[in-house]
Amino acid sequence: MTSKATDQASGGPIISIENLTKSYGYGDAESFALNNFSLEVKRGEFIMIMGPSGCGKTTLLNIIGLLDKPTSGSFLLNGEPVNSISARKKAHLRAKKIGFVFQNFNLIPTLPVIENVALPLVYSSVTQTNRLIQASDTLSRFHLQEREYYMPHQLSGGQQQRVAIARSLVMKPEIILADEPTGNLDSRSSHIVMEELKSIHSEGNTIIMVTHNPSLTTYATRVINMLDGHIDTDIKTVADRDLPIPIHVRLGKKEQKKKRSKSKKKGGKK
Ligand code: ADP
Ligand code: MG
C-alpha cells in the first residue's frame, strides 16, 4: 500500500461516484439503468438502498462491486479510479476488498459448506489447509461449525444465507454488498441474518444493502431511495462522527500483529 492509499484508508471516502451513467441499447432504444448518479460513501456506513423494481439498484451494486462497467462517469474506490484499470487488477481488488451476498445465496451445491466458505481464498496465496482453517474460524463465528460438512441443500434458507455471509467475509473485505439478502427468507431468519450484518458493521465494515423491506431500515445508518436510475431521497440516521471505526484503524499496527500471533498460537481460535 502506498502512503497515499494509507491516508485514504483512514480518512477519505471509501466510495466516490460522480455522474455515473449506465445505459443499454442505442439511439431511440437507449435506456438508462443509472442516470447521472452521484454518491459518496464513508467508511463504516451501513447504507440501505430501496426503490421500485428496475430503478437500477442491482446495476449500482454490480458497478461498485466491479462486476459491471459504467457507460460514463467516475468511480473511485479508496480514492483510486477503477474504471480504467486492467481486468486482472480489478479481479484482484474485487477478491480482496469486496464481499458479495445475493438473494439466492449462490452457494455451490456440490461443495460442502466449509469448501464454499473457503472458495474466495482459492485466489489468494493461502495453502489449502489454512484455507479450511480460516473457513472453519469464520463459520464458528456464525455458529455453524457443526454444519461444516453439510451440503448446502441440507441447510435451511437462513443457514444457507449465513454460510454465504461467512463466505463473503472470509477474505476480510472492507465493503460488503448485499442484494436483497433477506428476500428469500422468513422474518425470523431475516432477523438473524440482519443481526449478523449488524455485528459485521459494528466492527467498522462498510455495508451497502438493497432491500424491499422498510422495517429493516432500522439497521441502517443511511437510507437511500432510488427512482429511475437516480437518488430520490437520501437520509442519514447516524452522524458521520458516530459511525463505527474499522478495527484495523482502531488497533495500531503493533497491536494487530500481536493479536494475529496470539490467535495463531491458540490455533486460530478466538
Ligand atoms: P433493480 O435491481 O432496481 O430492480 P436493475 O439494476 O436490475 O434494477 O435494472 C435497472 C434497469 O436496467 C432495468 O430497466 C433493467 O431492465 C435494465 N437492465 C439491467 N440489465 C440489463 C441488461 N443486461 N440489458 C438490458 N437492460 C438491462
Ligand atoms: Mg435488483
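K.L.:
Describe the environment of L216, with residues and values.
P.N.:
With respect to the helices and strands, the residue L216 is situated in the loop between β8 (206–210) and β9 (222–227). Along the primary structure L216 and T182 are separated by 34 residues, whereas in three dimensions their C-alpha atoms are 9.6 Å apart. Once you skip the residues sitting within four places of it in the chain, L216 turns out to touch M48, T182, M194, M209 and T211.

K.L.:
Quick rundown of the pattern of salt bridges? Include the residues and the values.
P.N.:
With the rule as written, the count across this model stands at 10 salt bridges. Connected through shared salt-bridge partners, K42, K236 and D240 make up one network.

K.L.:
Please set out the site of ligand 1 residue by residue, giving values where relevant.
P.N.:
Every residue lining ligand 1 is accounted for by Y24, A33, P52, S53, G54, C55, G56, K57, T58 and T59. Side-chain polar atom of Y24 to a nitrogen atom of ligand 1: 3.3 Å apart, as the coordinates give it. A distance of 2.8 Å is found between an oxygen atom of ligand 1 and a side-chain nitrogen or oxygen belonging to T58. Starting from 560 Å² of accessible surface for ligand 1 in isolation, the protein chains cover 55%. In terms of residue count, the dominant contributor to the shell around ligand 1 is helix α2 (residues 57–64) (three residues). Of the residues contributing to the shell around ligand 1, the split by class is four nonpolar, five polar and one charged.

K.L.:
Please provide a residue-by-residue account of the pairing of β9, values included.
P.N.:
Two faces make up the sheet, and in a regular strand the side chains alternate between them. Note: strand β3 (residues 46–50) against β9, four bridges, orientation parallel. Note that in β9 the partner of M50 across the bridge is N225. Here six bridges tie β9 to strand β10 (residues 230–236), and the two strands are oriented antiparallel to one another. Paired with I224 across the strands is D234, a residue of β10. Taking the residues that link successive antiparallel strands as the turn, the β9-β10 hairpin has two residues, and the phi of D228 there is positive, at about 45°.

K.L.:
I'd like a description of the pairing of strand β6 (residues 98–101), backed by residues and values.
P.N.:
Side chains I98 and F100 project from β6 onto one buried face, and the interleaved G99 and V101 project onto a second face that is buried too. Here β6 runs beside strand β7 (residues 175–179); their pairing, made up of four bridges, is parallel. Paired with F100 across the strands is L177, a residue of β7.

K.L.:
Account for the packing of helix α6 (residues 157–169) against helix α7 (residues 187–202), naming residues and giving values.
P.N.:
To characterise two packed helices, one gives the angle between the axes of the helices and the distance between these axes. Two numbers describe how α6 lies on α7: the axes approach to 9 Å, and their chain directions differ by 15°. On the basis of their axis angle, the class for α6 and α7 is roughly parallel. You can see that α6 and α7 cross each other, and the crossing is right-handed. Every residue of α7 that contacts α6 at G158, Q161, R162, I165 and L169 is listed here: S189, I192, V193, E196, L197 and I200.

K.L.:
Outline unusual backbone geometry, listing residues and values.
P.N.:
Excluding glycine, residues mostly carry a negative phi; peptide bonds, for their part, are mostly trans. Residue F105 is not a glycine yet carries a positive backbone phi of 70°. Using a relative accessible area of 10% as the deciding quantity, one classes F105 as buried.

K.L.:
Explain the sheet that holds strand β4 (residues 72–77) to me, and be specific about the residues and the numbers.
P.N.:
The antiparallel open sheet is built from four strands, whose spatial order is β2-β1-β4-β5. Whereas interior strands pair on both sides, the edge strands pair on one side only; in this sheet they are β2 (31–41) and β5 (80–81). Sheet topology note: the β4/β5 ladder contains two bridges and is antiparallel. Pairing of L77 across the sheet is with E80, part of β5. Sheet contacts for α2: β1 (15–24), β2 and β4; angle to β1, the most-contacted strand, approximately 125°.

K.L.:
Account for the nonpolar core, with residues named and values stated.
P.N.:
Ranked by internal contacts, the top residues of the largest apolar core, which has 36 residues, are L197 and M209. Those elements giving two or more residues to this core turn out to be β3, α4 (113–118), α5 (128–141), α6, β7, α7 and β8. Here this core gets five residues from one element, more than from any other, and that element is α6. Ignoring anything within four residues of it in the chain, the contact list for L197 reads F46, I165, P181, I207 and M209. Ranked by size, the runner-up nonpolar core spans 29 residues in total, among them I17, L61, I98 and M226.

K.L.:
Outline the environment of L185, supporting the account with residue identities and numerical values.
P.N.:
When you line up the elements, L185 lands in the loop between β7 and α7. Using a relative accessible area of 12% as the deciding quantity, one classes L185 as buried. Placed 27 residues apart in sequence, L185 and G158 show a C-alpha to C-alpha distance of 6.3 Å. L185 has contacts with F105, G157, G158, Q161, S190 and V193, leaving out every residue within four places of it along the chain.

Procedures and definitions
- Residues numbered from 1 in each chain as written.
- Chains lettered and ligands numbered in written order.
- Predicted model: local features only at pLDDT ≥ 70, side-chain atom pairs only at ≥ 80, totals over all residues.
- Heavy atoms only, no water.
- Helix = DSSP H or I, 4+ residues; strand = E, 2+ residues; numbered from the N terminus.
- Contact = heavy atoms within 4.5 Å.
- Salt bridge = Lys/Arg side-chain N within 4 Å of Asp/Glu carboxyl O.
- Near = heavy atom within 4 Å.
- Polar contact = N/O pair within 3.5 Å; in protein donor to acceptor, adjacent residues only side chain to side chain.
- Areas by Shrake-Rupley, 256 points an atom, 1.4 Å probe, with all protein chains shown as cover.
- Nonpolar A, V, L, I, M, F, W, Y, C, P; charged D, E, K, R; others polar.
- Pairing = 2+ DSSP bridges.
- Buried < 20%, exposed > 50% of the residue type's maximum accessible area, 1.4 Å probe, protein only.
- Axes fitted to C-alpha atoms, helices over the stretch in contact; angles between N-to-C directions.
- Parallel < 35°, antiparallel > 145°, perpendicular 65-115°, else oblique.
- Left-handed = near helix turned anticlockwise from the far one by under 90°.
- Core = buried A, V, L, I, M, F, W, Y, C linked by side-chain atoms within 4.5 Å.

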